[in-house]
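If you want the building blocks of each chain, they are given just below.
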Amino acid sequence: MLIVEDEAAIVTLLRYNLEREGFRVYSTDDGEEAISMVKEVKPDIIVLDWMLPSMSGIDVCKQLRWNPETKATPIIMLSARGEEGDRIRGLDAGADDYLTKPFSPAELIARIRAVFRRFRPALTEKTLEYAGIVMDVSGHKVSRNGAEIHLSPTEFSLLRYLLEHPGRVFSREQLLDSVWGHDIYVELRTVDVHIRRLRKGLDYDGRQPDIIRTVRSAGYALEEVPPGEQADADV
Ligand code: CA
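Only a predicted model underlies this, so the values are computations on that prediction, with no experimental measurement involved.

Reading the values: rules and limits
Residues numbered from 1 in each chain as written. Predicted model: local features only at pLDDT ≥ 70, side-chain atom pairs only at ≥ 80, totals over all residues. Heavy atoms only, no water. Pairing = 2+ DSSP bridges. Helix = DSSP H or I, 4+ residues; strand = E, 2+ residues; numbered from the N terminus. Axes fitted to C-alpha atoms, helices over the stretch in contact; angles between N-to-C directions. Contact = heavy atoms within 4.5 Å. Buried < 20%, exposed > 50% of the residue type's maximum accessible area, 1.4 Å probe, protein only. Donors = N, O, S within 2.8 Å, 3.2 Å for Na, K, Ca; no water. Right-handed = clockwise from strand over helix to strand, strands pointing away. Arc of directions from axis to C-beta. Parallel < 35°, antiparallel > 145°, perpendicular 65-115°, else oblique. Left-handed = near helix turned anticlockwise from the far one by under 90°. Nonpolar A, V, L, I, M, F, W, Y, C, P; charged D, E, K, R; others polar.

Structural notes on the sheet that holds strand E1 (residues 2–4)
Inference 1: The 5 strands are arranged E2-E1-E3-E4-E5 in an open sheet whose pairing can be described as parallel. The open sheet has two edge strands, strand E2 (26–28) and strand E5 (97–100), and neither has a second partner. Across the sheet, the mean angle from the axis of one strand to that of its neighbour is 20 degrees, orientation sign disregarded.
Inference 2: When E1 meets strand E3 (residues 46–49), the two strands line up parallel, connected through 3 bridges. Considered in E3, the bridge of Ile-3 is made with Val-47.
Inference 3: Helix H2 (residues 31–41) contacts E1, E2 and E3 of the sheet and is inclined by roughly 160 degrees relative to E2.

If you want it as structure tokens, here you go:
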């Protein structure tokens, strides 16, 4: 794990307690250095102080979330600021949990374990496969017949949802609710646009069969078409 904290006494205390729990602990007191260390060390979890001398913990958090290499690493934010608004700002910046100072090492360890329970299964094990398409959910990677496929986050989420339910027909409304979330307003035809981009992305060499079936007046389904049969024309 990586501790990013400029108060030496806290680092010493945490290092002692976490090493006793079996963690290998790296630490730095600088935000910029933290970002390069995350890329180098690839920690399983980051404990990040909000108030740092040069770059704030919030900015470190945002940068880590923005970078594809580091965006999946769980972050627990530490702060002396306990206001509800601060907590929300911390979580909005991409932190997975938020702990207000002062706290006991035991409390931090409990939070770390809780974050691992929530993230680890999804982060380390989840791979979806269908018809030659392999999705590494945590690594945000997709390949088809071994060739890497590049998708935007929305197309990635859409494909993930379809891969989780191959063969099932989903209406545009259902896809909007599941992929975009039902609390935001998006036009139905947005789904068609993203399906079209997803199809294009999956056809990495222009010769791949289309495995997204358009079901007339119903929606879309992920379905392998047997050779010799034609898929319905795209709308
Ligand atoms: Ca500090």
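Observations regarding the environment of Leu-78
Inference 1: Tracing the sequence through the fold places Leu-78 in strand E4 (residues 75–79).
Inference 2: On the basis of relative accessible area, Leu-78 is assigned to the buried category, the value being 0%.
Inference 3: It is 29 Å that separates the C-alpha atoms of Leu-78 and Pro-153, two residues lying 75 residues apart in sequence.

Some remarks on the coordination of the calcium ion
Inference 1: Asp-6 (OD), Asp-49 (OD) and Met-51 (O) make up the full set of protein donors to the calcium ion, lying at 2.1 to 2.3 Å.
Inference 2: The sequence pattern describing where the donors of the calcium ion fall on their chain is D-x42-D-x1-M.

Details of the sheet that holds strand E11 (residues 212–215)
Inference 1: An order of E10-E12-E11 is seen for the 3 strands of this open sheet, with the pairing classed as antiparallel. The open sheet terminates on both sides in strands that have one partner only, identified here as strand E10 (169–170) and E11.
Inference 2: By the bridge criterion, 4 bridges tie E11 to strand E12 (residues 219–222) in an arrangement that is antiparallel. Opposite Val-215, over in E12, you have Gly-219 as the bridge partner.

Comments concerning the pairing of E4
Inference 1: E4 sits mainly inside the fold: 5 of its 5 residues count as buried.
Inference 2: Of the two faces of E4, the one carrying Ile-75, Met-77 and Ser-79 and the one carrying Ile-76 and Leu-78 are both buried.
Inference 3: Traced from E3 through helix H3 (residues 57–66) to E4, the parallel crossover comes out right-handed.
Inference 4: As defined by bridge partners, E4 adjoins E5 across 4 bridges and the pair is classed as parallel. By the bridge assignment for E5, Ser-79 is matched with Thr-100.

Remarks on helix H7 (residues 172–180)
Inference 1: Listed as buried for H7 are Arg-172, Leu-175, Leu-176, Val-179 and Trp-180. Angular distribution of buried residues about the axis of H7 spans 100 degrees; they occupy a single face of the element.
Inference 2: Buried residues along H7 sit against helix H6 (153–164), E10, helix H8 (189–202) and E12.
Inference 3: Directly beyond the C-terminal end of H7, a positive phi value near 95 degrees is found at Gly-181.

With respect to the side chain of His-194
Inference 1: Following the sequence through the fold, His-194 ends up in helix H8.
Inference 2: For His-194, a relative accessible area of 10% corresponds to the buried category.
Inference 3: Setting aside anything within four residues of it in sequence, one finds His-194 in contact with Thr-154, Glu-155, Leu-158 and Trp-180.

Quick notes on the packing of H6 against H7
Inference 1: Remark: H6 packs on H7, axes separated minimally by 10 Å, with the N-to-C direction vectors making an angle of 115 degrees. Judged on the interaxial angle alone, H7 and H6 are roughly perpendicular. Considering only the axes of H6 and H7, their crossing is right-handed. Across from Thr-154, Ser-157, Leu-158, Tyr-161 and Leu-162 in H6, the residues of H7 making contact are Leu-175, Ser-178, Val-179 and Trp-180.
Inference 2: Residues of the contact of H6 with H7, tallied by class, amount to 6 nonpolar, 3 polar and no charged.

In short, shape yes, function no, at least from these values alone.
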